[in-house]
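Residue strings, one per chain:
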Amino acid sequence: MLRVALTGGIATGKSHVLDQFRKRGVPCLDADLLTHGVESAGTEATQAIAARFGDVLAADGAVDRQKLALLVFADPGARRDLEAIVHPAVYRAIAAGLRAFELLGGYPLAVVDVPLLYETGHAQDFDRVIVMACPPEVQIARLIERGMSDAEARQRIAAQWPTEEKAARADFVIRTDGSVEKTDEQVDTILTSLDGQRRTR
């Protein structure tokens, strides 16, 4: 089973593309959803986050991600501390999910959405990497549509590697500043290529 990572900056279209892979019968994992699990009430990571950052838990005992974001995106040191707590647990969950797909059998490949793949140094965990790419001004416009201020949007983008730096390291790049149809066509092209590569392994 080919292990394929899907990555790229915030608001580059990862969720849409992951959904397109799912619709084409590819098993998928979403690191952001796994992070929600890691930061739920009572977990070791949630306890460590509360110990490090103080009053950042919601009424149900899970991490209040909005409250935490205000702290960590304004302070690179705080962000590194958070990542040191959360990322190991998320990567363990990814590994467990991929093992489950392999045990089920019959899947030629699986796709994992990992936003900070290169930043965390885990690209080598995967056989292929797909990078989502669009100009920063498109990312900013999309984030403002989601309710962020211009300053917040720029802060989030600045916290990640530049898109073109990621694209230069990728096996495949999906450009998402065109139409939805053009994005979906790129998904089909990549799937065909991955299937061909798997057959020649």
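Residues numbered from 1 in each chain as written. Predicted model: local features only at pLDDT ≥ 70, side-chain atom pairs only at ≥ 80, totals over all residues. Heavy atoms only, no water.

**Digging into the pairing of strand 5 (residues 172–175)**
Side-chain alternation along strand 5 places F172 and I174 on a buried face and V173 and R175 on a face that remains uncovered. Bridge count for strand 4 (residues 128–133) against strand 5 is 4 bridges, and the pairing is parallel. Across the sheet, V131 pairs through a bridge with V173, a residue of strand 5. (Buried < 20%, exposed > 50% of the residue type's maximum accessible area, 1.4 Å probe, protein only. Helix = DSSP H or I, 4+ residues; strand = E, 2+ residues; numbered from the N terminus. Pairing = 2+ DSSP bridges.)

**Thoughts on the packing of aromatic side chains**
Tallying each qualifying case throughout the model produces 2 aromatic pairs. Measuring from centroid to centroid gives 6.0 Å for F101 and Y107, while their planes differ by 75 degrees, and the two rings are edge-to-face. Classification of F101 as buried rests on a relative accessible area of 14%. Assessed through its relative accessible area of 32%, Y107 is described here as partly exposed. On the basis of an interplanar angle of 10 degrees and a centroid distance of 5.9 Å, the ring pair of Y118 and W161 is categorised as stacked. (Phe/Tyr/Trp six-rings, centres within 6.5 Å; stacked < 30°, edge-to-face > 60°.)

**Considerations on the sheet that holds strand 4**
Sheet architecture is open: 5 strands sit in the order 2-3-1-4-5, paired in parallel fashion. Bordering the open sheet on either side are strand 2 (28–30) and strand 5, each of which pairs with just one other strand. The sheet shows a mean angle of 20 degrees between the axes of neighbouring strands, taken without regard to direction. Bridge count between strand 1 (residues 2–8) and strand 4: 5 bridges; the pairing is parallel. Across the sheet, residue G8 finds its bridge partner in strand 4, namely M132. (Axes fitted to C-alpha atoms, helices over the stretch in contact; angles between N-to-C directions.)

**Considering the environment of E145**
Mapped onto the secondary structure, E145 falls in helix 6 (residues 136–145). A relative accessible area of 72% means that E145 is categorised as exposed. For the pair E145 and V114, spaced 31 residues apart in sequence, the C-alpha separation works out to 23 Å.

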